[in-house]
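Below are the chains, spelled out letter by letter.
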Amino acid sequence: MALLRLVITSAFIVLAATSSVHAEAEILDDGVTVETVEEDGYQTPQIDSKKAYLAEHFDDEEAFKKKWVKSETKKQGVDDTIAKYDGKWELQTPARRLLKDDFGLVLTTEAKHAAISALLNRPFVFSDKPLIVQYEVTMQEGQICGGAYLKLLSKGVNTRNDLKQFHDQTPYTIMFGPDKCGNDNKLHFIFKHQNPKNGTIEEKHAKKPTQRLDDIYKDKEPHLYTLIVRPDNTFTILVDNKEVNSGSLLEDFTPAVNPPEEIDDPNDKKPEDWDEREKIVDPTATKPEDWDEDAPAQIVDPNAVKPTGWLDNEPEMIPDPDAVKPSDWEEEMDGEWEAPLVDNPLCSSAPGCGEWKAPLIANPNYKGVWRAPLIPNPNYKGKWTPRRVPNPHYFNDEHPFRMTTITAVGFELWSMSPQLLFDNLIITDDEEVAAEWARQTYTLKRDRITSQAKTLWGKILAATQYKPGYWAMYALYSAVPITLYIVYLLGRSREESLVERGLKFAGENPWVYAVVIIGSFIIVGFVAYMCCGPRTQDPEVEDVKKTDAVVEDDPHQSDEEREEEKTEESAEKEKQSKADLEGPDNTQESAPVIDTEGAGDGQRKRKPRKE
C-alpha cells in the first residue's frame, strides 16, 4: 500500500511540474508554440548616433510614431479596388516572446498592400566607405507567398510628405531581403545603375545565393539579414552571420553593368552562296545491282519441324461444357446463346493445338531501302556569324559602387501570411558597429532559443512544433496520474479500497507488474522520440500566386526574366512563382547543318523488326 501511494504521489508531482512548465507556454490556434518566459538580460540596444545613418529597435512607440510614416497613396498599375496601401503596421511583442520589453514592427494583415518608410538621420553618400544594411525578420506564421525585403530610397525622398507618397515606383537605390512564392524563394540584392552615356537607369540583379534558404520561411524563428557593399565593388550577404552570397558588382549581376565592347553587326547578312552543310549526299553513289529492296525483313524458318504430339485437330479454345444458358436469356432480344470459350484442357499436356505453322526468323538477305552515303561537303564554309563591330552604346564604368545617394528606407510589401515581424534595423558604414548591434539584439535571441532547446520541455516543444497529434498523447499521458490520484482518494473511504484490491490482484497475478513496466518504457520511449527523433518539416504549401504578381511592366523584373518566366509557365503550368533573378543561360552554338536529303544508312543493314 505504501509503495502504491509513493508511485501515485510521484506521478502527481510529475504532473504538477509538467503543468508548471506548460504554464510557461501558450499554444496558438494554429499549433505554434509560444514561449512566455522572459529574459531579464535584455536592454534596448544603444549605438552612437554618429556611427549609424539609422538605428531602429522599434522599442519606443513614441519615437516610432515621430519617425516612421505610413504610405497614403496607391500602388501603380493595379486595380483601384486593391491598389490602396491599407495593410496595417503595429508595434508588438513577438508571438514567441524571448526577451522582455522587446518589440518589433509587425505587418498584421495579409493579402493587402502595405508601405511604411522613414528618413535616414543623414544621407548616405557612396564614396569611400562601405554600406552595411542589417535587419531581422521573423515570419511568425511562416510564409506562403510574399516579400520581406526593404528598399533604400534615392535622394529626392527628403521630407515626411514624400514618405506619404511612397509606392512601388518610388525611386530606390538598393532593394534587399527575402521573397517567396510557392516553391520559388529568393534573397534579393538589386541595385540601380545609371548609364554614364545617356543617363538611363537599369536594375542589376545579383546571382543566386550559394545555399538553399528554405528553412527561414518555415521555422518561425528570427533571422538576421546583412548586406555589405564595399567601395572596391565587392559585396557580401550574410544570413544569421553566415555568408550565403558574395561577389563583384562588375561580374556577378544580370544584366552586366558594362555592355560588351563589340557586338554583331546588325547590317551584316549571310551571303546567298554560303554553304553551312558539313556533309552532303554522295552524288556519285549508285545502288548495287544485287540490292533487293523488296526482300522481307522476316522469313519462315526452313529448318523448323512440327513438334511430336502436336494436336492438329484440337482447337486451343472450346465452349465451356459446364456453362448453362441463363434463365432470363431471350433469343429474340439477346440473340442465339453460345457458351463462353475456355482453354482446351487437352492442349495443356500437348506441345500445341490447331494448325501448326513454322516460326519466322530474320531474313539474312534483308537490306531495306537503299540510301546514298554521306560525304564531307567540299563547299562547306562553317557556321556563319555576322562580323563584330564596335558597340555604339559601350561604356566602361569601373566604379558601380558609386550609386545614387540614399536618403530614406522603407518596406513596400504584399504577403499572403500575416504577422511578419521586422526588428533591429541598422544602416551604417562600419561593420563592427553592425556586429555590436547584433550582439545586443539578435545574439541574445539566439542564445535564448539555444538554452530553451537544451531543456527537456524545450526539446518536446521543438519536436512537436509541426506534430499537433503529439499534444493529444501528451494530454492523455497527463491524465493518467490524475486518474490514479482520484482512484486513490475514492479508495480511502472504503473498507477495502480499489487500490487495496488492485494490490491484492497484482500480488496474485505477477504479470501485472510486467505490464506496468512495459507501459512505463513505452512512455519514456515516446518522450525520447519527441526530444531526439527526426523532426517533421512543414508539408509543402500549395503554390499561391500573388494578386499583384510580377507583370510585364514590373520595374523589378528585367527583360531576360520576363522571357524566362513565359517559358517556365508554358512548360510547367502548376508552378506559380516569379521568374528567376538570374538571366537566361548562354545559348550554345548549334551544330553544323548536315544535308540529309536522300541520305541514310548507306550500305548498313537494318535490324529485322519483331513480328
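The structure contained in this document is the topic of the report that follows.

The rules behind each value
Residues numbered from 1 in each chain as written. Predicted model: local features only at pLDDT ≥ 70, side-chain atom pairs only at ≥ 80, totals over all residues. Heavy atoms only, no water. Helix = DSSP H or I, 4+ residues; strand = E, 2+ residues; numbered from the N terminus. Buried < 20%, exposed > 50% of the residue type's maximum accessible area, 1.4 Å probe, protein only. Contact = heavy atoms within 4.5 Å. Areas by Shrake-Rupley, 256 points an atom, 1.4 Å probe, with all protein chains shown as cover. Patch = residues over 30% accessible without salt bridge, like charges linked within 9 Å, V, L, I, M, F, W, Y side chains within 5 Å. Salt bridge = Lys/Arg side-chain N within 4 Å of Asp/Glu carboxyl O. Lys, Arg positive; Asp, Glu negative; His and termini not counted. Charge placed at Lys NZ, Arg CZ, Asp CG, Glu CD. Core = buried A, V, L, I, M, F, W, Y, C linked by side-chain atoms within 4.5 Å. Polar contact = N/O pair within 3.5 Å; in protein donor to acceptor, adjacent residues only side chain to side chain. Expected span 1.5 Å × (residues − 1). Arc of directions from axis to C-beta.

**What to know about the overall build of the protein**
- A tally of regular secondary structure across the protein gives twelve helices and 27 strands.
- Expressed as a percentage of the 611 residues in the protein, the buried residues total 40%.
- A fraction of 77% describes how many contacts in the protein between residues 6 or more apart in sequence connect residues 24 or more apart.
- Only carbon and sulfur atoms are counted for the fraction: they give 52% of the accessible area of the protein, which is about 35,400 Å².

**Quick look at a negative patch on the surface**
- On the surface, D328, E330, E332 and D334 cluster together into a negatively charged patch.
- On the secondary structure map, D328 appears in the loop between β21 (317-319) and α5 (331-334).

**What about the pattern of salt bridges?**
- Per the counting criterion, the structure on display carries 25 salt bridges.
- A salt bridge links R96 to E221, with the nearest nitrogen and oxygen atoms 4.0 Å apart. Pair noted here: R96 is in the loop between β5 (89-92) and β6 (104-107) and E221 is in the loop between β13 (201-206) and β14 (222-229), with a separation of 125 residues, a long-range link.
- Note on R96: relative accessible area 23%, which makes it partly exposed.
- With its nearest N and O atoms 3.0 Å apart, the salt bridge here joins R388 to D264. Here R388 is found in strand β25 (residues 388-390), whereas its partner D264 is found in strand β18 (residues 262-264), with 124 residues between them in sequence.
- With relative accessibility at 47%, the residue R388 sits in the partly exposed group.
- Members of the salt-bridge network, linked through shared partners, are K75, K151, D168 and E412.

**Remarks on the nonpolar core**
- Within the largest apolar cluster, 64 residues are counted, with the highest numbers of intra-cluster contacts made by W68, I174, F189, F411 and F422.
- The element contributing the most residues to this core is strand β7 (residues 113-124), with six residues.

**A few points about the side chain of N363**
- Within the secondary structure layout, N363 lies in the loop between β23 (360-362) and β24 (374-376).
- Among the polar contacts made by the side chain of N363, one reaches the main-chain carbonyl oxygen of P296 at a distance of 2.7 Å.
- Residues within four places of N363 in sequence aside, it is in contact with A295, P296, A297, Q298 and I299.

**Some words on helix α7 (residues 442-454)**
- Across its 13 residues, α7 extends 19 Å between first and last C-alpha, which sits within 8% of the 18 Å expected from 1.5 Å per residue.
- Residues Y442, K445, R448, I449 and Q452 constitute the buried set of α7. Burial along α7 is one-sided: seen end-on, the buried residues are contained in an arc of 125°.

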